[in-house]
Amino acid sequence: MLLNCLDKVTEKIIAVQLFYTAEINDKLLNFDQMKDRKQRSVINAVLNLVHDVQMIKSRENMLICLLLDVKEVFDHVALKQLIKILIRLKISVNLINWVKCFLQNRIIDLAFDDERQKSKKISTEISQDSFISLILFSIYIQYLFSKIHVKFENLQSFSYIDDVMLYIEERNIDKNVKILKNAAKITFTWAENNAVQFNDSKSELIHFESHKMTLNQIIILLNNMIIKSKTCVQWLKVWLNWKLNFKVHVQTKIATVIKTLHSLFRLMNNEWELNVKSEKQLYLIYVTFISNYDVEIWWNNQKSYLVKFRKLQNAAL
């Protein structure tokens, strides 16, 4: 049984080494690829966007964002292409050989009630439950961002595994849209050539402006799908509206807190009757966590929000 665990240990060691290399070598990953990197969490990614939007508003410019979602991330990594990228990045031969072995001839063992089935071969690209999956996929798509930045110097990008954002600042809204259209064309062409697919239904477009916006701007993808501009989008589980006042996000958070409180109350009133200590622990673990998570993104001394959350706290007590 211990022998079956050694591969997981090896994957963890190599993943840590690759992430460390990414921190000291800016060629391994694009700077704005954030997942599992030091001080680059979901909150950091959203805060970066919020900062850029606020700075652009202070300059009385507009920012337009195109949100893309990679479809079935781990199922769209071509081994030959990944190996070419690793060679191009001058990764050690030993590590490249390990990646080849890791991605080929994979087998699975199934065991139920102490009965073990025969090992079966499985066809997969990158295993979803592997420590090294994230870094391998990030390396696989990193040249996409380099390709975009070479063509459009003023275009910014963020990526958090399968969530990709392209945005640009400009006073001329038509110029903004035109640049994003061309960037989207490059992105989807690269994806087609590298066995990567984007989930068109999750593609979104939003303008961040300091005045009332119009919704007549569109971007047409290579497959002729039309993406219309929205007033509010969700990115990395944070709701962002065109005013960037986080009204929708806070309302959604409060609704989630209320739902969690009701579940907690039902648990308290059931036949088992939890003791006070257990109730307090559940409150701190679930309700407080939901209330406090990502508060640094949207909190700006809004008294109305403070009143709402205090009412929820009093109701729980």
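Just so it is clear, the model here is predicted, and its values are computed rather than measured.

Novice: I tried to follow the pattern of salt bridges on my own but got confused; where do I start?
Specialist: One pass over the full model with this rule turns up three salt bridges. A salt bridge links Arg59 to Glu169, with the shortest nitrogen-to-oxygen separation between them at 2.8 Å. Taken as a pair, Arg59 in the loop between helix H2 (42-58) and strand E1 (62-69) and Glu169 in strand E7 (residues 163-170) lie far apart in primary sequence, 110 residues in all. Taking the relative accessible area as the measure of exposure, Arg59 reaches 39% and is therefore partly exposed. Among the ionic pairs, Asp294 bridges to Lys253, the shortest N-O distance being 3.3 Å. With Asp294 in the loop between helix H8 (276-292) and helix H9 (295-298) and Lys253 in helix H7 (residues 247-268), this pair connects stretches of sequence that are 41 residues apart. Taken as a pair, Asp294 and Lys253 share a single burial class, namely buried.

Novice: Looking at this structure, how should I read unusual backbone geometry?
Specialist: In this structure, Lys90 is a non-glycine residue whose phi angle is positive, near 60°. Residue position: Lys90 is located in the loop between helix H3 (79-88) and helix H4 (93-103). Under the relative-accessibility criterion, Lys90 is labelled exposed at 76%. Here the phi dihedral of Ala195 falls at roughly 60°; this positive angle occurs in a residue that is not glycine.

Novice: Mind showing me how you'd approach the environment of Ser203 here?
Specialist: Within the fold, Ser203 resides in the loop between helix H6 (173-193) and strand E8 (204-208). A sequence separation of 135 residues divides Ser203 from Leu68, and the C-alpha atoms of the two residues are 4.7 Å apart.

Novice: Any chance you could explain the packing of H7 against H8 here in plain terms?
Specialist: A pair of packed helices can be characterised by two numbers: the angle between their axes and the separation between those axes. It is the contact of H7 with H8, at a shortest axis distance of 9 Å, that shows an interaxial angle of 170°. The pairing of H7 with H8 is recorded here as roughly antiparallel in orientation. Our pair here, H7 against H8, has a crossing hand that is right-handed. Listed contacts from H8 to Lys253, Thr256, Val257, Thr260, Leu261, Leu264, Leu267 and Met268 of H7 are Glu279, Leu282, Tyr283, Tyr286, Val287, Ile290 and Ser291. A per-class count over the contact of H7 with H8 returns ten nonpolar, three polar and two charged.

Novice: Before we go on, may I ask you to explain the sheet that holds strand E9 (residues 218-220) in this structure?
Specialist: Within a sheet, neighbouring strands are paired by backbone hydrogen bonds and run either parallel or antiparallel to one another. As summarised here, the arrangement of the six strands in space is E6-E7-E1-E8-E10-E9, forming an open sheet in which the pairing is mixed. Single-partner strands in this sheet number two, and they are strand E6 (156-160) and E9. Adjacent strand axes in the sheet meet at a mean angle of 20°, parallel and antiparallel pairs treated alike. Of the strand pairs in this sheet, E1 and E8 are connected by five bridges, and their pairing is antiparallel. Pairing of Cys65 across the sheet is with Ile206, part of E8.

Novice: Is there a simple way to think about the environment of Trp239 in this case?
Specialist: Structurally, Trp239 can be placed in strand E12 (residues 238-241). In this structure Trp239 comes out as partly exposed when scored by relative accessible area, which is 27%. Put simply, Trp239 and Val250 are eleven residues apart on the chain and 8.4 Å apart in space, counted from C-alpha to C-alpha. If near-sequence neighbours (up to four positions away) are discounted, Trp239 is found in contact with Cys232, Val233, Gln234, Phe246, Val248, His249 and Thr252.

Novice: Is there a simple way to think about the nonpolar core in this case?
Specialist: A general trend in soluble globular proteins is that nonpolar side chains are found buried together. The biggest cluster of nonpolar side chains holds 58 residues, and the ones touching the most others in it are Leu66, Leu82, Leu86, Ile132, Ile139 and Leu180. The set of elements that each furnish at least two residues to this core consists of helix H1 (2-24), E1, H3, H4, helix H5 (133-151), E7 and H6. Met34, Ile43, Cys65 and Leu312 belong to the second largest nonpolar core, which has 39 residues in total.

Rules behind the numbers
Residues numbered from 1 in each chain as written. Predicted model: local features only at pLDDT ≥ 70, side-chain atom pairs only at ≥ 80, totals over all residues. Heavy atoms only, no water. Salt bridge = Lys/Arg side-chain N within 4 Å of Asp/Glu carboxyl O. Helix = DSSP H or I, 4+ residues; strand = E, 2+ residues; numbered from the N terminus. Buried < 20%, exposed > 50% of the residue type's maximum accessible area, 1.4 Å probe, protein only. Axes fitted to C-alpha atoms, helices over the stretch in contact; angles between N-to-C directions. Parallel < 35°, antiparallel > 145°, perpendicular 65-115°, else oblique. Left-handed = near helix turned anticlockwise from the far one by under 90°. Contact = heavy atoms within 4.5 Å. Nonpolar A, V, L, I, M, F, W, Y, C, P; charged D, E, K, R; others polar. Pairing = 2+ DSSP bridges. Core = buried A, V, L, I, M, F, W, Y, C linked by side-chain atoms within 4.5 Å.

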